[in-house]
Amino acid sequence: MKLLTHNFLQCHIKGVKNGYPLNIEAVKIEERDADFDPDFLRSMFKRIDWKAFLVGAQALGCAEGLPEAVSEEQLQDDGFLQKFHHALLEVCLEEGSLICPETGRRFPVVKGIPNMLLNEDEV
Amino acid sequence: MGKSERPEHTAPPDIFYNEDEARKYTSNTRMIAIQEKLTQRALELLALPPDGTPRLLLDIGCGSGLSGEALTEAGHAWLGLDISEAMLDVAVEREVEGDVLLGDMGQGVPLRQGVFDGAISISAVQWLCNADRSSHEPRKRLKAFFESLYRCLARGARAVLQVYPENATQAEMMVAAAMKVGFSGGLVVDYPHSTRAKKFFLVLMVGPSSYAPQAKGLDGADEPMSEDEDVDMGEGGQVRNEGRQRKRHGKPKGSSKSGAQLKSKSWVLKKKAQMRGKGYTAIPVDTKYTARKRKKGF
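Cut-offs and rules
Residues numbered from 1 in each chain as written. Chains lettered and ligands numbered in written order. Predicted model: local features only at pLDDT ≥ 70, side-chain atom pairs only at ≥ 80, totals over all residues. Heavy atoms only, no water. UniProt positions renumbered as here; feature names shortened; annotations may be inferred. Disulfide = S-S within 2.5 Å. Phe/Tyr/Trp six-rings, centres within 6.5 Å; stacked < 30°, edge-to-face > 60°. Helix = DSSP H or I, 4+ residues; strand = E, 2+ residues; numbered from the N terminus. Buried < 20%, exposed > 50% of the residue type's maximum accessible area, 1.4 Å probe, protein only. Lys NZ or Arg CZ within 6 Å of the ring centre and 35° of its normal. Salt bridge = Lys/Arg side-chain N within 4 Å of Asp/Glu carboxyl O. Pairing = 2+ DSSP bridges. Contact = heavy atoms within 4.5 Å. Axes fitted to C-alpha atoms, helices over the stretch in contact; angles between N-to-C directions.

- The name that an unreviewed UniProt entry assigns to chain B is Methyltransferase type 11 domain-containing protein, with the source organism given as Tetradesmus obliquus.
- Regarding chain B, the UniProt comment filed under Sequence similarities (unreviewed entry) reads as follows: "Belongs to the class I-like SAM-binding methyltransferase superfamily. BUD23/WBSCR22 family."

- For chain A, the name recorded in an unreviewed UniProt entry is Multifunctional methyltransferase subunit TRM112-like protein, with Tetradesmus obliquus as its organism.
- The Sequence similarities (unreviewed entry) field of the UniProt record for chain A holds the comment "Belongs to the TRM112 family."

Next comes the structure, spelled out in structure tokens:
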């Protein structure tokens, strides 16, 4: 699971109001190369919750060099884009858990696949 | 899969698509070709602006990633959702570009508001119409799915869901559920006159839209068949609500006759010689009149 995906995931248990962002408990992390596409990165930046991204990056150990806030110039700066690219698309959570901030419910991540299946009583 | 057995009648999808089935499905060249074709058509109907910008798409019921790979080929990023662990394991094994989630679309897609540029689904959403478990209520599940899908799409985005409705009631059920949550759009039926090629696409727009996609094969033309598709074996089932069954078979393999040669003089002479060779005695003698062109209306 990449941080791009994590940024969009939320807890969908019935009645939960603050199910985003999910907290990450990382057990195994892997790095995989991805194609660098600045246009794609800028397009993704527009829809990313930056704060949630930073917290996720911290959990996966790739937050170094990422600023608290991003300016327009930085979006054109190759240096920033490379760091953003790496954290967003190349660092993968293989094993661990995603935890709902409201209920504490754990969604396991196995082989890089988050298990978001709900139990009968959560629907 | 049996010839006329719908997978939905056999078992719930997470059980039907077990390791064996997942592997069979993914190594079946015919299945790959069909999925590829359907994904291309879905992308066509999605009508993303052709400006070369890679978009973020949701692939619902992504399975082993056959459709996802076509999305990657088209230059898009995607996130997949599927209920079968076995199918997703195959996707990961095949190193598909998109991340995949294990989840049940009938429980709602666990994604936040307005993040996707579009969504596709190939041969999956009709599973919602069946109560796979006693606690399932199809209408409730359809609602949960469409509501959450609507929410996670960006403004102006579209969803194209290729489905195999078992009958007209199911098709209506899916359309109604989608409209109820605010989608506009409807069902596009390609090749409506062909049993073999008929395909259903639920084309949905977030909010009102003037988008009016054109179905294929409305003039009665059949779909051009590719090598890998062979005779229709009812993949996932076709709508059986039809008057006359017109079976269309492709050219049988090994057939060397072209249409023009079929009843030509040389063919007739050859055939007669063949029959004599077999021992039939009553074959008329060949004369200058044999297989002569007759006047029209003979």
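After presenting the structure, the write-up continues.
Some words on the state of the cysteines
- This structure, assessed with the given rule, holds zero disulfides over all chains.
- Between C11 of chain A, a cysteine without a disulfide, and C100 of chain A, which holds the nearest cysteine sulfur, the sulfur-to-sulfur distance is 3.6 Å.

Observations regarding the packing of aromatic side chains
- Counted by the stated rule, this structure contains 14 aromatic pairs over all chains.
- Seen in terms of ring centroids, F8 of chain A and F116 of chain B are 6.0 Å apart; in terms of plane orientation they differ by 55 degrees. Their pairing is tilted. Placement of the pair is F8 of chain A in the loop between α1 (3–6) and β1 (23–31) and F116 of chain B in strand β4 (residues 116–122), with the two residues belonging to separate chains.
- With a relative accessible area of 1%, F8 of chain A lands in the buried category.
- Classification of F116 of chain B as buried rests on a relative accessible area of 0%.
- One cation-aromatic arrangement involves R158 of chain B over Y211 of chain B; the distance from NZ or CZ to the ring centre is 3.9 Å.

Here we look at the pattern of salt bridges
All names here are of chain B.
- By the definition in use, this model includes 20 salt bridges over all chains.
- Linking R55 and D51 is a salt bridge whose minimum nitrogen-to-oxygen distance equals 3.2 Å.
- Of the residues examined, D51 reaches a relative accessible area of 45% and is grouped as partly exposed.
- Taking the shortest distance from any N to any O, the salt bridge between D286 and R276 comes out at 3.2 Å. Within this pair, whereas D286 is found in the segment after α9 (265–278), its partner R276 is found in helix α9, the two being separated by ten residues in sequence.
- Owing to a relative accessible area of 32%, R276 belongs among the partly exposed residues under this scheme.

Description of the sheet that holds β1 of chain A
Residue and element names in this part refer to chain A.
- Pairing within the open sheet is antiparallel, and its four strands lie in the order β1-β2-β3-β4. Every interior strand has two partners, whereas the edge strands, β1 and β4 (113–114), have only one.
- Pairing analysis gives four bridges linking strand β2 (residues 91–99) to strand β3 (residues 106–110), with the strands arranged antiparallel. Paired with G96 across the two strands is V109, which belongs to β3.
- The strands that helix α4 (residues 78–90) touches are β1 and β2; relative to β2, the one it contacts most, it runs at about 60 degrees.

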